[in-house]
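Structural features, examined
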Amino acid sequence: MERPASHSELAELSPGLRPGPDGRLAFGGCALADLAAEFGTAAILVDVATLRSTAERYVEATTAIRPNSRVHFATKAFPVPAVVGLMAEAGLYCDVASAGELAIALAGGMPAERILLHGNAKTDLDIGAALEAGIGLIVIDSFDDIDRIERLAERPQPVIVRINPGVLAPTHEAMATGHGESKFGIPNGQVEAAIARAAASPKMEMLGLHVHIGSQILELEPFVESVERIAALGTFDLYDLGGGLGSRYAMDEPVAPSIEDYAEALFGAAAVHLPDESVVAIEPGRSTVAPAGISLYSVVGVKRGDRTFVAIDGGMGDNMETALYGTRFWPAIVDKDGGPERCDVVGHHCETGDRLATDAWLSSPEVGDLLVIPVTGAYCHSMANNYNAMPRPPVIFVEDGDARVAIRRETIADLLGRAT
Ligand code: LLP
């Protein structure tokens, strides 16, 4: 598509993004220009209606096929108490990967018994916090996890064992986790021993198995394969099939499989391969939050030379996706439809790799324009950083024309606050 998306086409990427009654581009019923005036830029905005309906669709799509199923929101995708709180309200469970994510989930109101802790290098602090909170499940990823739980637990902790299914997911190599070379899971050949140790330990209640093959996966077949592999390891009370469903980021990319298609493929395979009475859990992150979020920036500079660089007041400090995984975003200039121009959208950090879009079509960008990037709800806030001592942007919830701060903007005082 060799032109900017029209304002009404942008809803195909982030459903809350559409022109309001006055023609200005709005999100969750608030004009982007008004949000920028009230909260400043750069900012990550969340359309609460999309977030809620996506969460509800996940619960409906899975329980319709298998009543004894659970959807754990992968907190790492958007670790904000208000986000986890909304997931809890919609009936989801969650997973956390550290004591910090656990604290965020609890602060959001997620009941401890609905929380699961995973991770390949859990410390005493992580496991200690999980035991103290009384969380529902810990995923054993190594024999060191077993040692730690045995040393720290005061009563039997429900656990599941993560296996490596030997499935190479079709995704960026940094996001594939189910193949032989991955650091995750109990190594093949040692799974039976791990299960036996957990089952024999008075400090553990061994409930089942866990598998997660990777992230940003746009084909369903590898998920089905992982169910077949986990089923081959025996009969258990609980199987956790992980997350991984991908999202569409750009107008010229194919539409991602729907939540309903994904649930049908995965739970269809579970019906064939796993015991009927077992609980089947999934851990979606990206697909629950990515389209619900957008990033709003101001254009700070425009350099027209061999290439046209449109520089914004954000970049790899609030969005690492392009630098790390080559994600192609689809930016648009807000409230303008002037002559299209091919541009690179670059950030304000001192690095050439600080670029959020290459060869993007923008409507005659000028200093002071607002620029929006759809589909930034997943892993942008989570991986935001302070490169060049740039404070991180706020997270603003918008709903029915109202907006509220979920995470306030970081200040330079926050940055100095850690120096001694
Ligand atoms: N469960 C486990 C055990 C995981 O490791 C992950 C993600 C998920 C669930 C959620 O997967 P999702 O549904 O979001 O694909 N930093 C990368 C993403 C890495 C994902 C890591 N694990 C990014 O910025 O895109």
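Residues numbered from 1 in each chain as written. Predicted model: local features only at pLDDT ≥ 70, side-chain atom pairs only at ≥ 80, totals over all residues. Heavy atoms only, no water.

This brings us to the nonpolar core. Leu 32, Phe 73 and Leu 371 are the most contacted members of the largest nonpolar core, which has 119 residues in total. A domain split of this core shows at least three residues from each of domain 1 (7-47 + 291-416) and domain 2 (49-289). Aside from chain neighbours lying at most four places away, what touches Leu 371 is Ser 295, Leu 296, Tyr 297, Val 299, Val 310, Ile 312, Pro 331, Ala 332, Ile 333, Val 334, Val 345 and Leu 362. By size, the runner-up hydrophobic cluster in this structure holds 7 residues, among which are Leu 116, Val 139, Ile 160 and Val 279. (Core = buried A, V, L, I, M, F, W, Y, C linked by side-chain atoms within 4.5 Å. Buried < 20%, exposed > 50% of the residue type's maximum accessible area, 1.4 Å probe, protein only. Domains from an automatic or database assignment. Contact = heavy atoms within 4.5 Å.)

Looking at the chain, the domain boundaries give domain 1 (7-47 + 291-416) and domain 2 (49-289). For domain 1 and domain 2, the distance between their C-alpha centres works out to 31 Å. Contact with domain 1, which involves 29 residues of that partner, is made by 25 residues of domain 2. When domain 1 packs against domain 2, the two sides together hide about 2500 Å² of surface, and 64% of this comes from carbon and sulfur. (Buried area = accessible area lost by both parts, 1.4 Å probe.)

Covered by surrounding structure in strand S8 (residues 137-140) are Leu 137 and Val 139 together with Ile 138 and Ile 140, the residues of both alternating faces. The parallel pair strand S7 (residues 115-117) and S8, bridged by helix H5 (residues 124-133), forms a crossover whose chirality is right-handed. Here S8 runs beside strand S9 (residues 157-162); their pairing, made up of 3 bridges, is parallel. Among the inter-strand pairings, Ile 138 is bridged to a residue of S9, identified as Val 159. (Helix = DSSP H or I, 4+ residues; strand = E, 2+ residues; numbered from the N terminus. Right-handed = clockwise from strand over helix to strand, strands pointing away. Pairing = 2+ DSSP bridges.)

Here we come to the site of the ligand. Around the ligand, a shell composed of 20 residues is seen, among which Ser 215, Glu 283, Arg 286, Glu 321 and Tyr 379 lie nearest. Here an oxygen atom of the ligand sits 2.5 Å away from a polar atom, N or O, in the side chain of Glu 321. Look at the ligand: alone it shows 580 Å² of surface, and the protein chains cover 91% of it. In terms of residue class, the shell around the ligand is made up of 6 nonpolar, 8 polar and 6 charged. Looking at which domains feed residues into the shell around the ligand, each of domain 1 (7-47 + 291-416) and domain 2 (49-289) supplies at least three. (Near = heavy atom within 4 Å. Polar contact = N/O pair within 3.5 Å; in protein donor to acceptor, adjacent residues only side chain to side chain. Areas by Shrake-Rupley, 256 points an atom, 1.4 Å probe, with all protein chains shown as cover. Nonpolar A, V, L, I, M, F, W, Y, C, P; charged D, E, K, R; others polar.)

This paragraph deals with the side chain of Lys 122. With respect to the helices and strands, the residue Lys 122 is situated in the loop between S7 and H5. Separated by 2.7 Å, the side chain of Lys 122 and the backbone oxygen of Val 139 make a polar contact. Side chain to side chain, Lys 122 and Asp 145 meet in a polar contact 2.4 Å long. Beyond its immediate sequence surroundings of up to four residues, Lys 122 is in contact with Leu 117, Ile 127, Ile 138, Val 139, Asp 141, Asp 145 and Arg 148.

Restricting attention to buried positions, one finds in helix H1 (residues 32-39) the residues Leu 32, Leu 35, Ala 36 and Phe 39. Along the axis of H1, the buried residues cluster in a sector spanning 100°; they form a single face. Those residues of H1 that are exposed and angled more than 90 degrees off the buried face are Ala 37 and Glu 38. Downstream of H1 by one or two residues, Gly 40 has phi in the positive range, about 80°. (Arc of directions from axis to C-beta.)

Here we come to the packing of helix H4 (residues 99-107) against H5. Running from N to C, H4 and H5 point in directions that differ by 30°, and their axes come no closer than 8 Å. One element, H4, and the other, H5, form an angle in the roughly parallel class. Counting all contacts with H4, which are made through Ala 99, Leu 102 and Leu 106, the residues of H5 involved are Leu 125, Asp 126, Ala 129, Ala 130 and Ala 133. Tallied by class, residues from the contact of H4 with H5 come to 7 nonpolar, no polar and 1 charged. (Axes fitted to C-alpha atoms, helices over the stretch in contact; angles between N-to-C directions. Parallel < 35°, antiparallel > 145°, perpendicular 65-115°, else oblique.)

Axis separation between helix H8 (residues 221-231) and helix H9 (residues 259-273) bottoms out at 9 Å; the angle between their running directions is 25°. The angle between the axes of H8 and H9 places the two elements in the roughly parallel class. Here H8 runs over H9; the crossing is right-handed. Mapping the contact onto sequence places Phe 223, Val 224, Val 227, Glu 228 and Ala 231 in H8 and Tyr 262, Ala 265, Leu 266, Ala 269, Ala 270 and His 273 in H9. By residue class, the composition of the contact of H8 with H9 is 9 nonpolar, 1 polar and 1 charged. (Left-handed = near helix turned anticlockwise from the far one by under 90°.)

Now for the packing of aromatic side chains. Under the criterion given, the structure shown has 4 aromatic pairs. Ring centres of Phe 236 and Tyr 239 lie 6.2 Å apart, and the angle between their planes is 80°; on these two criteria the pair is classed as edge-to-face. With relative accessibility at 15%, the residue Phe 236 sits in the buried group. Among the residues examined, Tyr 239 registers a relative accessible area of 0% and is labelled buried. With 5.4 Å between their ring centres and 85° between their planes, Tyr 249 and Phe 329 make a pair best called edge-to-face. Here Phe 329 lies in the loop between helix H11 (321-325) and strand S15 (332-333) and Tyr 249 lies in the loop between strand S11 (238-240) and H9, a separation of 80 residues in the sequence. The residues Tyr 249 and Phe 329 share a single accessibility class, namely buried. Members of the aromatic cluster, connected to one another through ring pairs, are Tyr 58, Phe 223 and Tyr 262. One residue, Arg 114, lies across the ring of Tyr 93, its end atom 5.9 Å from the ring centre. (Phe/Tyr/Trp six-rings, centres within 6.5 Å; stacked < 30°, edge-to-face > 60°. Lys NZ or Arg CZ within 6 Å of the ring centre and 35° of its normal.)

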